[in-house]
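Below, each chain spelled out in residue letters.
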Amino acid sequence: MSSAIDSFKHDLAGLRSGRATAALLEPIRVEAYGSVTPITQVASIAAPEPRMLTVQVWDKGLVSLVDKAIRESGLGLNPMPDGQLIRVPIPQLTEERRNEMVKAAGRYAEAAKVAVRNVRRDGMDKTKAAEKNGDISQDDVKVWSDEIQKITDQYVNKIDEVLVEKERDIKQV
């Protein structure tokens, strides 16, 4: 269940708020050296200003490929190459774009909740199988089922808390 929350937080990191963060570019993949490589393996990303990211490409031959990958990432960014350094200004978000991002965050949250519920279902199935095999009693099944449900509720609440925080971050002007 905790891996579902970690995955959810990683997905949210790709959603852009009004501020520049290196996590915004981390999901981008670059066609380099004959394979598709994460951008973090061919360049370093920094946020020197609240509305600017810089990408320092280590291999001069890859600058145009990194530039192309950022443009085609679907993030709505317009990188400006300057030698081996690529400046990526972060434009102001419109209200419509902010609402789209809140909806996307909600979809990520629902996917994380489904993952947590799948873990709960697996736990319940194992508990019932143990009862069927005679390993535990019906009373133990009830206790374990209640405990599994309690843990599931805690993780769903954590997901909701993370979602509320991200929504607040996205809507902040």
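The rules behind each value
Residues numbered from 1 in each chain as written. Predicted model: local features only at pLDDT ≥ 70, side-chain atom pairs only at ≥ 80, totals over all residues. Heavy atoms only, no water. Axes fitted to C-alpha atoms, helices over the stretch in contact; angles between N-to-C directions. Helix = DSSP H or I, 4+ residues; strand = E, 2+ residues; numbered from the N terminus. Parallel < 35°, antiparallel > 145°, perpendicular 65-115°, else oblique. Nonpolar A, V, L, I, M, F, W, Y, C, P; charged D, E, K, R; others polar. Buried < 20%, exposed > 50% of the residue type's maximum accessible area, 1.4 Å probe, protein only. Polar contact = N/O pair within 3.5 Å; in protein donor to acceptor, adjacent residues only side chain to side chain. Contact = heavy atoms within 4.5 Å. Phe/Tyr/Trp six-rings, centres within 6.5 Å; stacked < 30°, edge-to-face > 60°. Lys NZ or Arg CZ within 6 Å of the ring centre and 35° of its normal.

### Some words on the packing of helix α3 (residues 95-132) against helix α4 (residues 138-171)
- The interhelical angle for the contact between α3 and α4, taken along N-to-C directions, is 170 degrees, at an axis separation of 10 Å. By the angle between their directions, the pair α3 and α4 is classed as roughly antiparallel.
- Classifying every residue of the contact of α3 with α4 gives 15 nonpolar, seven polar and seven charged.

### Let's talk about the side chain of Lys113
- Note that Lys113 resides in helix α3.
- Looking at Lys113, the relative accessible area reads 13%, which means it is buried.
- Here the side chain of Lys113 touches Asp160 through a polar contact of 2.7 Å, side chain to side chain.
- If sequence neighbours within four positions are ignored, Lys113 has contacts with Val156, Ile159 and Asp160.

### Let's talk about the packing of aromatic side chains
- As enumerated under the stated definition, the model contains zero aromatic pairs in all.
- Here Lys158 stacks its cationic end above the ring of Tyr155, 4.6 Å away from the centre of that ring.

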